[in-house]
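Spelled out from the first residue to the last, the chains are:
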Amino acid sequence: MYSTIEEKTQATTGNRELKTNLDIYHRLHELGFNLIPMHKKKPLAKWATFQKRKVSDAQLQHWLTNPYEISPLEFALVTGAGETPVIVIDADDEESSELIRGKCPSTLEVKTTRGFHFYFKWDNKTGCPIVDNKSLGYDDCRISIKGFGGYVRSPSIIRCANMPLTKETFSNLPAFDATWLPLIANKTVESH
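All of these numbers come straight from a predicted model, not from anything done at the bench.

Thresholds applied
- Residue indices begin from 1 for each chain and proceed along its sequence in written order.
- Local features in this predicted model are restricted to residues of pLDDT 70 or higher, and side-chain atom pairs are both shown and tallied only at a pLDDT of 80 or more, whereas totals for entire chains, interfaces and linings draw on every residue.
- Water and hydrogen atoms play no part in the side-chain values, which are based on all heavy atoms of the structure.
- Note on aromatic pairs: the rings of Phe, Tyr and Trp (six-membered ring only in Trp) are paired at centre separations within 6.5 Å, and the planes decide the class, stacked below 30 degrees, edge-to-face beyond 60, tilted for the rest.
- Under the scheme used here, helices are H or I runs from DSSP no shorter than 4 residues and strands are E runs no shorter than 2 residues, and both carry numbers assigned from the N terminus.
- Residue exposure (1.4 Å probe, protein chains only): buried if accessible area is under 20% of the type maximum, exposed if over 50%, otherwise partly exposed.
- Put simply, a salt bridge is a Lys or Arg side-chain nitrogen that is within 4 Å of an Asp or Glu carboxyl oxygen.
- Here, nonpolar core means buried Ala, Val, Leu, Ile, Met, Phe, Trp, Tyr and Cys residues that are tied together by side-chain atoms lying within 4.5 Å of each other.
- In this description, contact between two residues means that some pair of their heavy atoms is separated by no more than 4.5 Å.
- Note on pairing: two strands pair once DSSP finds at least 2 bridges between them.
- Confidence of the predictor at the level of single residues is captured by pLDDT, which takes values from 0 to 100.

> Help me understand the packing of aromatic side chains, please; the structure alone is not making it clear to me.
For any pair of aromatic rings, the description rests on two quantities: the centre-to-centre distance and the angle between the ring planes. Inspection of every chain in the model, using the stated rule, returns 9 aromatic pairs. When the centroid spacing of 4.7 Å and the interplanar angle of 50° are considered together, the rings of Y25 and F75 count as tilted. In this pair, Y25 sits in helix α1 (residues 5-30) while F75 sits in strand β3 (residues 74-79), placing the two residues 50 residues apart along the sequence. The exposure class assigned to F75 is buried, which follows from its relative accessible area of 1%. Taken together, a centroid distance of 5.7 Å and an interplanar angle of 75° make the contact between F176 and W180 edge-to-face. The burial state of F176 is the same as that of W180; both residues are buried.

Laid out in structure tokens, this is it:
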């Protein structure tokens, strides 16, 4: 099946990585997060319903079998609702990350390829909309709030899951408060 030892090693490494990722997706699901299948930046399933209810074990298991036959199959964490509702502030560079650290309380930070994701608890039943840097009044920074109707892709979720996380980790996060960021964001939240 493999023509060289290198091909076999790459396949074994890929299988090990896939198994690790599957374990992580199961663990996050057990923590109360909704995960949806993705390819690049596009959801592969109708997922709006999971803003209001948890993905079933059977549904997640089905998605994990990769019925789409896509490699690599990724998952995203649905934000702004669910059993463990979180809002993620996505800062795409160091300048933006520093701005968030200066305006928001210390919280769980997860390194992304370009910056950081900052996780906050969301305890408002109506959710929080997605807000981008222009709505926040920061034309020069690359910041977005991933709230109700949003999601965070799996590479950062996998980094997050490699931390010692429990349900208490998320219940003890600071609750998101739109007043930390400019009034433009507050008006967006109030009008939702």
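> Is there a simple way to explain the pattern of salt bridges in this structure?
A pair can form between side chains of opposite charge whenever their charged atoms are brought close. On inspection of all chains with the given rule, the structure shows 7 salt bridges. As a salt-bridge pair, D92 and R142 come within 3.9 Å of each other at their nearest N and O atoms. Residue D92 is found in the loop between β4 (86-91) and α3 (94-103), and its partner R142 is found in the loop between α4 (133-136) and β8 (143-146); the two are separated by 50 residues along the sequence. Salt-bridge contacts for E94 lead to R101; the nearest nitrogen and oxygen are separated by 3.0 Å.

> What should I look at first to understand the nonpolar core in this one?
One recurring pattern in soluble globular proteins: nonpolar side chains tend to sit buried together. Core analysis: the largest hydrophobic core is formed by 31 residues, its most contacted members being L35, F75, V86, L108, Y119 and F170. Those elements that provide at least two residues to this core are α1, β1 (35-39), α2 (57-64), β3, β4, β5 (108-111) and α5 (154-161). If we skip the residues at most four places from it in the chain, L35 touches Y25, L28, H29, V55, L60, W63, F75, A76, L77 and I157. Grouped together as the second largest cluster of nonpolar side chains are 18 residues, C128, F176, W180 and L181 included.

> In this structure, what is going on with the environment of K52? I would like to understand it.
Residue position: K52 is located in the loop between β2 (42-43) and α2. Sequence-wise, K52 and G80 are 28 residues apart; in three dimensions their C-alpha atoms are separated by 9.6 Å.

> Where do I start with the pairing of β1 in this structure?
Note on strand geometry: in a regular strand, side chains alternate between the two faces of the sheet. Burial within β1 is extensive, with 4 of its 5 residues counted as buried. By the bridge criterion, 4 bridges tie β1 to β3 in an arrangement that is antiparallel. From the neighbouring strand, L35 faces β3, where its bridge partner is L77. Between β1 and β2, which pair antiparallel one after the other, the connecting turn spans 2 residues, and K40 there sits at a positive phi close to 60°.

> Where do I start with the confidence of the model for the protein in this structure?
Fine structural detail should not be taken from predicted coordinates in areas where pLDDT scores are low. Taken over all residues, the pLDDT of the protein has a mean of 77, while the share at 70 or more is 74%. Across the protein, element-level confidence peaks in strand β6 (residues 116-121) with a mean pLDDT of 92 and bottoms out in helix α7 (residues 183-191) with 42. Low pLDDT, under 50, characterises residues 1-14; the stretch is placed with 3 contacts to residues that sit more than four places away or in other chains. Under a pLDDT of 50 for its full length, residues 183-192 has, in the predicted model, 17 contacts with residues more than four places off or in other chains.

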